[in-house]
Amino acid sequence: MSRPLKVLAIEPYYTGSHRAFIDGWIENSGHDWTLLTLPGYHWKWRMRHSALLMASAVGERLEASENWDVVFATDMLNVAEFRGLVDPSVAGIPHVLYFHENQFSYPNTREDPRDLHFGFSNLISAVAADSVWFNSEFNRQSFLDCLDDLMPRWPDYPPVQERKLLESNSRIEYPAIALPGSLKSGFSAPDQPIHLIWAARWEHDKQPEQLLEALRILRESGTEFRLSVVGESFRNVPESFAQIRAEFSDQLRRFGYQESRKEYFEALCEADIFVSTASHEFFGLSAVEAVVAGLHPLLPDRLAYPEVLGTATNEPERFMYEGTAESLANSIARLDRARSLLSNQLASRFADKFAWGTRAPQLDEGLSRISRV
């Protein structure tokens, strides 16, 4: 890297993992950053109008004589619209597009049928970018597979060449995690109930109803446990969370959003087993954080989980279940009986691979390769 780049970062959905990623990178980067954001809600509106808002915001910065070497944007921005609206001096510099998720394969509910408009926006945005980064091979391949499935529905002129361009112009760049201040030393004592933690957005694609069913099975089997259910909630919260609170109030230790990263990591280190029931996970940041904190993960054998676990262990199946509530409950009960320690080597390998000290220089170098400086 000859000199630090001046990076214009655009995050139209500045919350959750999106916020943690860009804030963490900027804090650990060797480049100089300008960050433009919008609040992380009304995601459909963000995708539809963020290019207009951000082009206007960039215009104000240009009037103050700011300039940049490269633009880094995430998937809530339509790069094609942005480049068409923004001043040519910015439109002409390299643009990198980062996919935290993609709207072709993002799960939806019956009440909210899939609007292919957003998938096409992702496609057009990707074609307009100079380089496209996905946070996992699972995310990248699911995007390409969905595009292939849609090709026969085109009335004419399907985007065959654009699909080839995207495949050749895309790469995998894993996100990173902030290391917890303290680590868990092992499972709770045998005379203490095992402690489970479920940590995710309180939305339908994280399948809280499967967690509720697994907890009911555990209760019926006589397995004692303690429970923390944490995560960010939005306007429409699935009913399963209220049912969990009502039925398992005696087992609950933490319930709801943890106000700080310190509180969140404390919640992790209180627990023994990290549980996911997700039907959508393009990377699994909270699972990686839990492993590094010393917890034993129990993850469904699907989505990005096999890929991410496989980067640090030759036995990812040790930490997976078949994907049903019954198999999850059986796995928890088995761990409760064994109380076997999670290998410190696994936690260390995850920390070495996904800590910002490792990932930030690699991400920085990725931007340097794209820039013309």
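The residue numbering used here restarts from 1 in each chain and proceeds along that chain's sequence as written. A pLDDT threshold of at least 70 governs which residues receive local features in this predicted model, and a stricter bar of 80 or more applies before side-chain atom pairs are shown or counted, although totals over entire chains, interfaces and linings include all residues. Side-chain numbers here rest on the full set of heavy atoms in the structure, without hydrogens or water.

1. Focus: the overall build of the protein
Which entries qualify depends on this criterion: Numbering of helices and strands runs from the N terminus; a helix is a DSSP stretch of H or I covering at least four residues, while a strand is a stretch of E covering at least two. Values of the radius of gyration come from C-alpha atoms, whereas the globule rule sets the reference at 2.2 Å times the count of residues to the power 0.38. Only protein chains enter the area calculation, which uses a 1.4 Å probe; residues under 20% of their type maximum are buried, those over 50% are exposed, and those in between are partly exposed. Working rule for contacts: check all heavy atoms of both residues, and any pair within 4.5 Å makes them a contact. Note on areas: Shrake-Rupley with a 1.4 Å probe; residue coverage comes only from the protein chains shown.
Secondary structure assignment for the protein yields 15 helices and 12 strands. Computed over its C-alpha atoms, the radius of gyration of the protein comes to 22 Å, within 12% of the 21 Å expected for a compact globule of 373 residues. Referenced to the eigenvectors of the C-alpha coordinate spread, the extents of the protein come out at roughly 65 × 50 × 35 Å. The buried share of the protein, taken over its 373 residues, is 54%. For the protein, restricting intrachain contacts to residue pairs at least 6 apart in sequence, the fraction spanning at least 24 positions comes to 78%. Summed over all atoms, the accessible surface of the protein reaches about 16,700 Å², with 48% contributed by carbon and sulfur.

2. Focus on the sheet that holds strand β12 (residues 320-321)
Stated precisely, the cut-off is as follows: Two strands pair if DSSP finds at least two bridges between them. The axes used here are C-alpha line fits, helices contributing only the stretch in contact, and every angle between their N-to-C directions lies in the interval 0 to 180 degrees.
Strand order in the open sheet formed by six strands is β9-β8-β7-β10-β11-β12, and the pairing between neighbours is parallel. Since the sheet does not close on itself, it has two edges, and those belong to β9 (252-256) and β12, each with one partner. Sheet analysis places strand β10 (residues 273-275) next to strand β11 (residues 296-300), joined by three bridges and oriented parallel. Bridge pairing links Val275 to Leu298 in β11. Helix-sheet contacts for helix α9 (residues 239-247) involve β7 (194-199), β8 (225-230) and β9, and the interaxial angle to β9 is about 155 degrees.

3. Some details on a negative patch on the surface
Short version of the rule: For patch detection, residues must exceed 30% relative accessible area and be free of salt bridges, and they are connected within 9 Å for like charges or within 5 Å for nonpolar side chains (Val, Leu, Ile, Met, Phe, Trp, Tyr). Take a side-chain nitrogen of Lys or Arg and a carboxyl oxygen of Asp or Glu: if they are within 4 Å of each other, that pair is a salt bridge. When charges are counted, Lys and Arg are positive and Asp and Glu negative, with His and the chain ends excluded. For the purpose of locating charges, the reference atoms are NZ of Lys, CZ of Arg, CG of Asp and CD of Glu.
Among the surface-exposed residues, Glu209, Glu213, Asp301, Glu315, Glu317, Glu322 and Glu326 lie close enough to one another that they form a single negatively charged patch. Counting through the fold element by element, Glu209 comes out in helix α8 (residues 208-221).

4. Quick look at the side chain of Asp69
For clarity, the cut-off: Identification of polar contacts relies on pairs of N or O atoms within 3.5 Å, with a donor-acceptor requirement for protein atoms, meaning one able to donate a hydrogen and the other able to accept it, and with residues adjacent in sequence counted only if both atoms are side-chain atoms.
Tracing the sequence through the fold places Asp69 in the loop between α2 (43-63) and β3 (70-74). Within the local environment of Asp69, its side chain forms a polar contact with the side chain of Arg3, the two groups lying 3.1 Å apart.

5. Overview of the packing of aromatic side chains
Rules: Between the rings of Phe, Tyr and Trp (Trp by its six-membered ring), a pair exists once the centres lie within 6.5 Å; its type follows the angle of the planes, with under 30 degrees stacked, over 60 edge-to-face, and the other angles tilted.
Per the counting criterion, the structure on display carries 26 aromatic pairs. Centroid distance Phe104 to Phe143: 5.4 Å. Interplanar angle 50 degrees. Geometry classified as tilted. Remark: Phe143 occurs in helix α6 (residues 137-150) and Phe104 occurs in the loop between β4 (95-99) and α5 (116-128); sequence separation between them is 39 residues. For Phe143, a relative accessible area of 0% translates into the label buried. Between the aromatic rings of Trp198 and Phe241, the centroid separation amounts to 5.5 Å while the plane-to-plane angle is 65 degrees, which identifies the pairing as edge-to-face. Remark: Phe241 occurs in helix α9 and Trp198 occurs in strand β7; sequence separation between them is 43 residues. Residue Trp198 is classed as buried on the basis of its relative accessible area of 1%. Look at Phe241 and you get buried, because its relative accessible area is 2%.

6. Remarks on helix α15 (residues 356-370)
Applied cut-off: Under the convention used throughout, the expected extent of a helix is 1.5 Å for every residue step, that is, one less than its residue count.
Relative to the 21 Å expected for 15 residues at 1.5 Å per residue, α15 spans 21 Å between its end C-alpha atoms, a close match to the ideal helical length. Where α15 is concerned, the buried positions are Trp356, Arg359, Ala360, Leu363, Asp364, Gly366, Leu367 and Ser368.

7. Considerations on the nonpolar core
The criterion, for reference: Residues enter a nonpolar core if they are buried and are Ala, Val, Leu, Ile, Met, Phe, Trp, Tyr or Cys, with the set joined through side-chain atoms within 4.5 Å.
Within the largest apolar cluster, 35 residues are counted, with the highest numbers of intra-cluster contacts made by Ile197, Leu268, Phe274, Val288, Leu295, Phe350 and Phe354. Of all the secondary-structure elements, those providing two or more residues to this core are β7, α10 (261-270), α11 (285-293), α12 (305-310) and α14 (344-354). Per-element accounting of this core gives the leading share, seven residues, to α11. With residues up to four places along the chain from it excluded, the contact list for Leu268 reads Ile197, Phe274, Glu289, Ala290, Ala293 and Leu295. Within the second largest apolar cluster, 28 residues are counted, among which are Leu196, Ala214, Tyr321 and Leu335.

8. Regarding unusual backbone geometry
Excluding glycine, a negative phi dihedral is what most residues carry, and trans is how most peptide bonds are arranged. The phi dihedral of Ser65 is positive, around 70 degrees, even though this residue is not glycine. Note that Ser65 resides in the loop between α2 and β3.

9. Points about empty space enclosed by the protein
To be explicit about the condition: The rule is simple: put a 1 Å grid over the protein atoms alone, call a set of points where a 1.4 Å probe fits but cannot get out a cavity, call an open set with protein on both sides within 12 Å along at least five of seven lines a pocket, and count a residue as lining if it has an atom within 4 Å of a point. Grid points are joined across faces, edges and corners, and a volume is the space filled by probe spheres set on the points. Residues are grouped as follows: Ala, Val, Leu, Ile, Met, Phe, Trp, Tyr, Cys and Pro are nonpolar; Asp, Glu, Lys and Arg are charged; all remaining types, including Gly, are polar.
Applying the stated criterion across every chain, the model contains two cavities of 30 Å³ or more. Lining the largest cavity, in full, are Trp198, Ala199, Ala200, Lys206, Phe274, Val275, Ser276, Thr277, Ala278, Glu281, Ser286 and Tyr305. Put simply, the parts of the chain that give the lining of the largest cavity at least two residues each are β7 and β10. Residues belonging to the lining of the largest cavity are distributed by class as follows: seven nonpolar, three polar and two charged. In this structure, the second largest cavity encloses a volume near 50 Å³. The wall of the second largest cavity is formed by Phe283, Gly284, Ala287, Val288, Val291, Pro297, Leu299, Tyr305, Val308, Leu309 and Phe350.

10. So, the sheet that holds β3
The strand order across the open sheet built from six strands is β2-β1-β3-β4-β5-β6, with neighbouring strands paired in parallel fashion. Edge positions in the open sheet fall to β2 (32-39) and β6 (170-172), since each of these has one partner strand only. Averaged over all neighbouring strand pairs, the angle between strand axes comes to 20 degrees, with direction disregarded. Note that strand β5 (residues 131-134) and β6 share three bridges and pair parallel. Looking at β6, one finds that Val132 is bridged to Ser170.

11. Things to note about the pairing of β8
We count it as follows: For the handedness criterion, the strands are oriented away from the viewer, and a crossover whose path from the first strand over the helix to the second runs clockwise is classed as right-handed.
Most of β8 sits inside the fold, with six of its six residues counted as buried. On β8, burial covers both faces: Phe225, Leu227 and Val229 on one face and Arg226, Ser228 and Val230 on the other are all buried. Where β7 meets β8, six bridges bridge the pair, whose relative direction is parallel. Considered in β8, the bridge of Ile197 is made with Ser228. With α8 bridging β7 and the parallel β8, this β-α-β connection has right-handed handedness. Here β8 runs beside β9; their pairing, made up of four bridges, is parallel.

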